[in-house]
Amino acid sequence: MSTASVRTGPPRAPRSTGLTRPTASSTSNSASKAKGSAQPPSNAPPRGPRAGSKTKGALKAPRALYQHPVDTDPHAYSRADPFGALSALRRLLSSLPSRVGGCAYKLAPDEQRLAVHLLALVEPFVPPAPAPACTCGAAPRRTLVRLPTEILDGIAFFVDARSDLGALAATCRRMRDVVVPRHAEYRLVRCRASAVRVWHHLAVHRALARNVRRVEVLDERAPAGAEVVPAGITLTDTDLESTDDELGLHAKHARFVLAALARMTALRSIKWGCNHSLVAFESVWPALVRCGSLEEVEVYDNIVFHAPSEREGPEGGTAEKRKQLVLHDVKKAGFHGTKSAFGASREPDLARIAGMLHSCPNLESLAISYVPRRAPGFFNPVADDFLLCGRWAHLRSLTLTNLWCTPAAGLDAAAAFLLAHVNLEVLHLDLAFGAGGQAGGGALATFKFPAGCLPRLRELKASRDLASALLACPVSAQKGRPLETLKGVRLSGSTRDSVFLENLRLYGGQTVRRLELAGWNDMEDVKKLAECAPRLTWLELGKKEGAVGGNAGASNRQAANISSNFTEWANVLAHFGELTTFHGVRLFYEVAFADNAALSLSDRSRVRKNDEVASVLAWKCPKLRRLDHWEDGAGKVIVLVKDAERVKYEVRRVKS
C-alpha cells in the first residue's frame, strides 16, 4: 500500500524573473497545466535543500517591483538649468498613467517633494499669463517679485540713494529681504581705521563690498556713536587681534583697509578723517584706482601736508607709479588740515597733494585749506609750484585757504594759473602774497592780471585788493563777466577802498546780486556801496571794525548790541531797490513771546518798538524780508510778513 510522502525540507524559493506580479488568469492557466503533468512517485525520497542554498532565515530578498523614472534626489538638479528640471518633471508626470492598479496617477512621498522642487526651479522662468483685456486699454501688469533673487539683487545694485532704497524695500516683503540686508546697510560705511572687524568683513564678502557707495574713515578719537556699520558682522576686533600686533599695529590696520577698498568696485565717494593714526592717506590712494566709479575724495589730515622724503621723490612717488595711477571719474577733491597738532609740520608742503591731483585729469572742483599754527616756527604752505604746474582743463570751482605765495613769483604763478583755467565759475582765494599779509605788501595794488582771465566767473571770494585787481582785468566778452556773488572784502575806510568801489561800479555794479563783506568801518561805506551796486538782493556787512565780539555759542548766548538808529539804516537801505536780505546790524529788541496778558511792561514796550521798526523797514524797503535775530549765533532770523492790514515780524529757524 502506497502512502503519500511528506516534504520535510524547506520550501523552494520562487525564481526571480524580473517580471511583474502574475495576474489571476495566469495563475489559473498554470494550475490547469500542473494537473496534466507527471506527479512524483510516492516512494521518492523527500527533496531537501539544494547544494549551496541558504537556510530559511537567510532567504534572498526579491528585487524591487518598481523603479522611479527619474532621480528623486532634489540636489541632483541645478538651479541654473531650468530646462533639465522641466524635462525631469515631464518624465515624472508622463509615467503616472502607466502605473499598475491603485498606483496610477499617484506620487510617492519622495516624488511629491521632487515635483515641488522642480516647480520652484522652473516657475521663475515662466512668463505670467496675459491679463484679460481692460476696457481702459491699460497694459497688463507684471509682477516684479516673481523674478529670481539674483535679478532683484542686480536691480537694487543700480539704486544709489538710501532714500530710494527705502522706497524700493517698502514695496513688498521679498524686496525688503533683498534690499535691506544687502544694500541699504552697505551704501554708507562709517568707522575708524582700527575697526578691523568691519574691514575684514568687507574684504571677505566681495559681493557685499561692491554694494558700498560711500566710505567715511573717522578719527581715532571720534565718539563710538558716530559709526555706521552693517548689522551682519559677527566678529569683533578682539577676534582678529594677536600678541604680535604691538609693533606693527598701524601696518595691520592699513592692510585691512586696503583689502576692503580693493573690493569696493562701485565706490562713489570717500571721506578720510583719520587724523590720529599713522595710516597715511597716500598709501590708500593707489587702492582707489580699482574703484573705477570714484567721483569724490575728501581728506582731513595733517600728514598730507608733509614734504615728501628723498626716497619718495619730489612729488611723493616715482614717475612710473604716478603714470599708472589715473582716476578718470574723480570730479571733486578736497584736502584740508585739522586743528589738532598731531601730524602738523613746521614747514608744510603741497607736493604730496599735487602728486595725487595729477592723477585726476577730469577734476571739476578742488579745495585745499590749511589750519595755520600760532606757535612760533610754523609757516603756511607755499603755493608757487602748485599754481605754476597744476592744470585741469575742466576745473570749475577752486578754493585755496591759508596759503602763501612768495613776492617774487607768486603773482605771476597765480596769473598764469587763472589765465589757463577759463572755465572757472567759483573762485575762493585766501592767499598771502609776500610778507604784507592779504594785501600783498602793496604789490596787488599795482599788479595787473593778463586780459582774458576768468571770463565765466560767477562767484568770487578774495581780499579787497585781489578782488579789485580781478575786476579790473578786461575780458573779451561784450557783456563782461557774469559775476553775481562777491565775498571776503573788508572795507577799512582807507584810500584803497575807493579803488575797489570804483572797479565794482565799472565792472560789476550791474551784475553783482549778493555781497558778503568780511568787515565794515562806517555807515558811509554802505552808502557808497549803494551807489556802486544798487541792484543787490543780499547784503551782509560782517563784523564792524573795532567791535568787540563775545562768545555766541549755543550754551552761552549773549544779546548783541541793538542799533537804535533804525531810521537812518532804513534810509540807507532804501537805495537798494531790490534788497531782500540784510545781515550785519541788529535792529530788533529781545522779547519773550507770550500772551499780551502775561508780558511785563518792559516787554510790551519792546514789542511796540519792534512793530515800529518793522513798519518803517517795510515802508522804506518794500522787498526786504529777512534780517538778523537779536541773539547772536542762535540759528534764527527775523522775517517780515505783510498782510492786508499791517506788517508783522516772525522768528524762524534757519537750516545750518
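None of these values were measured; they are calculated from a predicted model. (Residues numbered from 1 in each chain as written. Predicted model: local features only at pLDDT ≥ 70, side-chain atom pairs only at ≥ 80, totals over all residues. Heavy atoms only, no water.)

Looking now at the overall build of the chain. Looking only at helices and strands, one finds 20 helices and 17 strands in the chain. Residue burial in the chain is summarised as follows: out of 656 residues, 38% are buried. Summed over its atoms, the accessible surface of the chain is roughly 37600 Å², and 54% of this surface lies on carbon and sulfur atoms. (Helix = DSSP H or I, 4+ residues; strand = E, 2+ residues; numbered from the N terminus. Buried < 20%, exposed > 50% of the residue type's maximum accessible area, 1.4 Å probe, protein only. Areas by Shrake-Rupley, 256 points an atom, 1.4 Å probe, with all protein chains shown as cover.)

Looking now at helix H20 (residues 601–620). Helix length check: H20 (20 residues) gives 29 Å between terminal C-alpha atoms against 28 Å at 1.5 Å per residue, within 8%. Residues of H20 that are buried: Asp 603, Asn 610, Val 613, Ala 614, Val 616, Leu 617 and Ala 618. Tucked into the core, H20 has its buried residues touching helix H19 (566–573), strand E15 (626–628), strand E16 (636–642) and strand E17 (647–653). (Expected span 1.5 Å × (residues − 1). Contact = heavy atoms within 4.5 Å.)

Before going further, it helps to spend a moment on the packing of aromatic side chains. Using the criterion set out here, one finds 9 aromatic pairs in the structure. With centroids separated by 5.4 Å and ring planes inclined at 85°, the aromatic side chains of Phe 157 and Phe 158 adopt a geometry described as edge-to-face. A residue is classified by how much of its surface remains accessible, and Phe 157, at 14% relative accessible area, is buried. Between the aromatic rings of Phe 281 and Trp 285, the centroid separation amounts to 6.0 Å while the plane-to-plane angle is 65°, which identifies the pairing as edge-to-face. Exposure remark for Trp 285: the relative accessible area of 3% places this residue in the buried category. Joined through ring pairs, the aromatic side chains of Trp 272, Phe 281 and Trp 285 make up one cluster. Arg 213 extends its terminal NZ or CZ atom over the ring of Phe 157, reaching a point 4.7 Å from the ring centre. In this arrangement the basic side chain of Lys 544 is found over the ring face of Trp 520, its NZ or CZ atom lying 4.4 Å from the centre. (Phe/Tyr/Trp six-rings, centres within 6.5 Å; stacked < 30°, edge-to-face > 60°. Lys NZ or Arg CZ within 6 Å of the ring centre and 35° of its normal.)

Taken as a whole and assessed by the stated rule, the structure comprises 22 salt bridges. A salt bridge links Arg 214 to Glu 216, with the nearest nitrogen and oxygen atoms 2.7 Å apart. Given the relative accessible area of 22%, Arg 214 is considered partly exposed. By relative accessible area, Glu 216 is classed as buried at 10%. One salt-bridge network, held together by shared partners, links Arg 464, Asp 465, Arg 496 and Asp 497. (Salt bridge = Lys/Arg side-chain N within 4 Å of Asp/Glu carboxyl O.)

Per-residue confidence for the chain gives a mean pLDDT of 81, with 80% of residues at or over 70. Counting contacts from residues 318–322, a segment whose pLDDT is below 50, to residues more than four positions away or on other chains yields 5 contacts. Low pLDDT, under 50, characterises residues 550–559; the predicted model gives this stretch 13 contacts beyond four residues in sequence or across chains. (pLDDT = per-residue confidence, 0-100.)

The packing of two helices is summarised by the inter-axis angle and the distance between the axes. Here helix H16 (residues 464–472) crosses helix H17 (residues 496–507) at 35°, and the two axes come no closer than 9 Å. Viewed along their axes, H16 and H17 form a crossing whose handedness is left-handed. The segment H16 lies against H17, with Arg 464, Asp 465, Ala 467, Ser 468, Leu 471 and Ala 472 engaging Arg 496, Asp 497, Val 499, Phe 500, Asn 503, Leu 504 and Tyr 507. Its residues assigned to classes, the contact of H16 with H17 comprises 7 nonpolar, 2 polar and 4 charged. (Axes fitted to C-alpha atoms, helices over the stretch in contact; angles between N-to-C directions. Left-handed = near helix turned anticlockwise from the far one by under 90°. Nonpolar A, V, L, I, M, F, W, Y, C, P; charged D, E, K, R; others polar.)

Positive phi, close to 60°, is recorded for Asn 402, a residue that is not glycine. By the secondary structure assignment, Asn 402 is in strand E7 (residues 397–405). Under the relative-accessibility criterion, Asn 402 is labelled partly exposed at 22%.

Turning next to empty space enclosed by the protein. Scanning all chains against the criterion turns up 1 cavity of 30 Å³ or more. Approximately 50 Å³ is the volume found for the largest cavity. Along the walls of the largest cavity sit Cys 453, Leu 454, Leu 457, Leu 460, Leu 470, Leu 471, Arg 481 and Leu 483, which together make up its complete lining. Here the residues of the lining of the largest cavity are counted per class, giving 7 nonpolar, no polar and 1 charged. (1 Å grid on protein atoms, 1.4 Å probe; cavity = no way out; pocket = protein on both sides within 12 Å on 5 of 7 lines; lining within 4 Å. Points joined across faces, edges and corners; volume = space filled by probe spheres on them.)

Soluble, globular proteins show a tendency: their nonpolar side chains are buried together. Phe 281 and Phe 588 are the most contacted members of the largest nonpolar core, which totals 132 residues. Looking at this core element by element, the count peaks at 6 residues for helix H14 (residues 410–420). Here Phe 588 is in contact with Ile 562, Asn 610, Val 613, Ala 614, Leu 617, Leu 627, Trp 630, Ile 638, Leu 640 and Tyr 649, once residues within four sequence places are set aside. Counting 11 residues, the second largest nonpolar core, distinct from the first, contains Val 70, Ala 85, Ala 115 and Leu 118. (Core = buried A, V, L, I, M, F, W, Y, C linked by side-chain atoms within 4.5 Å.)

As a further point, take the packing of H19 against H20. Across the interface, H19 lies against H20 with an axial gap of 9 Å and an inter-helix angle of 20°. In terms of orientation, H19 and H20 fall into the roughly parallel class. Relative to H20, the crossing made by H19 is right-handed. Contact with H19, carried on its side by Phe 566, Ala 570 and Asn 571, involves Lys 609, Glu 612, Val 613, Val 616, Leu 617 and Lys 620 of H20 and no other residues of that element. Per-class residue counts for the contact of H19 with H20 are 5 nonpolar, 1 polar and 3 charged. (Parallel < 35°, antiparallel > 145°, perpendicular 65-115°, else oblique.)

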